[in-house]
Amino acid sequence: MTDLAAVKRALTAQRIETPSWAYANSGTRFKVFAQPGVPRNPREKIADAAMVHRLTGVAPTVALHIPWDAVDDYAELAAYARSLGVGLGAINTNVFQDDDYKLGSVTNPDPGIRRKATDHLLQAVDIMDQTGSTDLKLWFSDGINYPGQDDLRHRQDRMAAALRETYDRLGDDQRILLEYKLFEPAFYATDIPDWGTSYAHCLELGEKATVCIDTGHHAPGTNIEFIVAFLLRQRKLGAFDFNSRFYADDDLMAGAADPFQLFRIMYEIVRGGALDPAYGINFMLDQCHNIEAKIPAIIRSVLNIQEATAKALLVDRDALAAAQDDGDVLQANAVFMDAYNTDVRPLLAEVRADAGLDPDPVGAYRRSGYQEKIVAERVGGEQAGWGA
Ligand code: PSV
Ligand code: MN
């Protein structure tokens, strides 16, 4: 039997970090469609994130991306965030948008470019010191397009050296979240293409380095929940970048393409005791809302994760274990699917009402007048997007 009060407590305690860049303009390589009311600077992105938190109650931090969110005074930015009821979360580095990085950043054959890229990673830790962020999220676009273009082994050595230098710069409460991605922008070989490579680098680095799973960064059909289970068992899962995909790294709303997969992932999280914020996993979104309104799309994504989590929490673990021990394949699967097929929306509405929130956060956003306000106020200046 499931303890409903415990389920509600777990849902109330859940935390989801939103990404500053999801509030900004984005697009494909074909076109960026600008939207009215989009933030023009980091403060306006933080204001939007604060709105998402006010309506959902579970999104109290916002991740920054440097230099997209570069400011002169990070302590002041953190204070501004606090004044709106949110905190600054992971600092994301950007060693993929400079002409110098055509052949790679930290794995570039040119030592001068490697130095420049590693310095950026070190500067990100300086920023963390000022914002109070504990998480340094590293993603490298590094890789090659053609067999023979560069030496795969050398590139691993260069990667390891840059990671080591960065790791050694971390403060006691700071950690590295090392992301992987199968392909794009590199098409033949990416230097950190999969969880195994990220895991191996993290093991070599030490306990302050853990893997970040971006759900959009796998080959089609990859069993992501297996990766979750494996990394939890090794205590090496540090973060998620949630989004969903139909084809490649589509960066669509979490739970939109495959809600069943999200449920299976969240089940492994619950089963591994890793949902509790005290466990230390940073559950982030990493999405781009190219054609849909951004703030309600982010709210929708948060709700989708909450729904998958609620279903995962409702799995009757005793009944499941009994069926598994009996080798009763169909019964075990039925117990699992019962939870997935439960409509958890009334339960979540109750959790929100108990927390003094509107049970329908997307509706509440529409009724709030916030969208009209930002559209009216945010005129002039330059809208933020990739590269700003
Ligand atoms: C790369 O595709 C990625 O998932 C990394 O997390 C980046 O930092 C983020 O997208 C934003 O470009
Ligand atoms: Mn990501």
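Small disclaimer: the values here were computed from a predicted structure and weren't measured.

About the cut-offs
Residues numbered from 1 in each chain as written. Chains lettered and ligands numbered in written order. Predicted model: local features only at pLDDT ≥ 70, side-chain atom pairs only at ≥ 80, totals over all residues. Heavy atoms only, no water. Donors = N, O, S within 2.8 Å, 3.2 Å for Na, K, Ca; no water. Tetrahedral: all angles 85-135°; square planar, octahedral: opposite > 155°, others 65-115°. Helix = DSSP H or I, 4+ residues; strand = E, 2+ residues; numbered from the N terminus. Buried < 20%, exposed > 50% of the residue type's maximum accessible area, 1.4 Å probe, protein only. Right-handed = clockwise from strand over helix to strand, strands pointing away. Pairing = 2+ DSSP bridges. Near = heavy atom within 4 Å. Polar contact = N/O pair within 3.5 Å; in protein donor to acceptor, adjacent residues only side chain to side chain. 1 Å grid on protein atoms, 1.4 Å probe; cavity = no way out; pocket = protein on both sides within 12 Å on 5 of 7 lines; lining within 4 Å. Sits in = over half its atoms within 2 Å of the grid points. Nonpolar A, V, L, I, M, F, W, Y, C, P; charged D, E, K, R; others polar. Axes fitted to C-alpha atoms, helices over the stretch in contact; angles between N-to-C directions. Parallel < 35°, antiparallel > 145°, perpendicular 65-115°, else oblique. Left-handed = near helix turned anticlockwise from the far one by under 90°. Contact = heavy atoms within 4.5 Å. Expected span 1.5 Å × (residues − 1).

Student: Mind showing me how you'd approach the coordination of the manganese ion (ligand 2) here?
Tutor: Octahedral six-donor coordination of a metal ideally yields angles of 90 or 180 degrees, compared with 109.5 degrees for tetrahedral four-donor coordination. Distances from the manganese ion (ligand 2) to its protein donors, Glu 179 (OE), Asp 214 (OD), Asp 241 (OD) and Asp 286 (OD), fall within 2.1 to 2.2 Å. Every donor counted, the six donor atoms about the manganese ion (ligand 2) form angles of 72 to 166° at the centre, which fits octahedral coordination. Summarised as a motif, the one-chain spacing of the donors to the manganese ion (ligand 2) is E-x34-D-x26-D-x44-D. Taken together, the residues Asp 241 in strand β9 (residues 237-242) and Asp 286 in the loop between β10 (282-285) and α9 (294-314) connect sequence positions 45 residues apart. Exposure class is identical for Asp 241 and Asp 286. Each is buried.

Student: Sorry, what's going on with the pairing of strand β3 (residues 87-92) here?
Tutor: Looking along a regular strand, one sees the side chains alternate between the two faces of the sheet. Summarising burial for β3: five of the six residues are buried, a large majority. For the segment spanning strand β2 (residues 61-65), helix α3 (residues 74-83) and β3, crossover handedness is right-handed. Pairing of β3 with strand β4 (residues 135-138) involves two bridges; the strand directions are parallel. Note on β4: the bridge partner recorded for Ile 91 is Leu 136. Viewed along the sheet, the connection from β3 through helix α4 (residues 111-131) into β4 turns out right-handed.

Student: Is there a simple way to think about the site of ligand 1 in this case?
Tutor: Around ligand 1 there are 13 residues in total, and His 65, Glu 179, Lys 181, Asp 214 and Asp 286 lie nearest to it. Asp 249 places a side-chain nitrogen or oxygen 3.1 Å from an oxygen atom of ligand 1. Asp 286 places a side-chain nitrogen or oxygen 2.7 Å from an oxygen atom of ligand 1. Among the cavities detected, the one that contains ligand 1 is the largest pocket. Within the shell around ligand 1, the residues separate by chemical class into four nonpolar, two polar and seven charged.

Student: Help me out: how do you make sense of the packing of α9 against helix α13 (residues 361-368) in this one?
Tutor: Two numbers describe a pair of packed helices, the interaxial angle and the distance between the axes. Here α9 crosses α13 at 160°, and the two axes come no closer than 9 Å. Our classification of the angle between α9 and α13 gives roughly antiparallel. Crossing of α9 against α13: the hand is right-handed. Contacts between α9 and α13 involve Ile 295, Pro 296, Ile 299, Arg 300 and Leu 303 on the former and, on the latter, Pro 361, Val 362 and Tyr 365. A per-class count over the contact of α9 with α13 returns seven nonpolar, no polar and one charged.

Student: Can you help me understand α4 in this one?
Tutor: An α-helix turns once per 3.6 residues; consequently, residues spaced three or four apart project the same way. With 21 residues, α4 should cover 30 Å at 1.5 Å per step; its first-to-last C-alpha distance of 30 Å lies within 8% of that length. All of the buried residues along α4 are Ile 113, Ala 117, Thr 118, His 120, Leu 121, Leu 122, Ala 124, Val 125, Ile 127, Met 128 and Thr 131. Summarising the contacts, the buried residues of α4 are in contact with α3, β3, β4, α5 (152-169) and β6 (175-179). You can read the cap of α4 off the contacts: a side-chain oxygen lies 2.7 Å from the backbone nitrogen of Gly 112, and it is on Asp 110. Directly after α4, the chain includes Gly 132, whose backbone phi takes a positive value near 85°.

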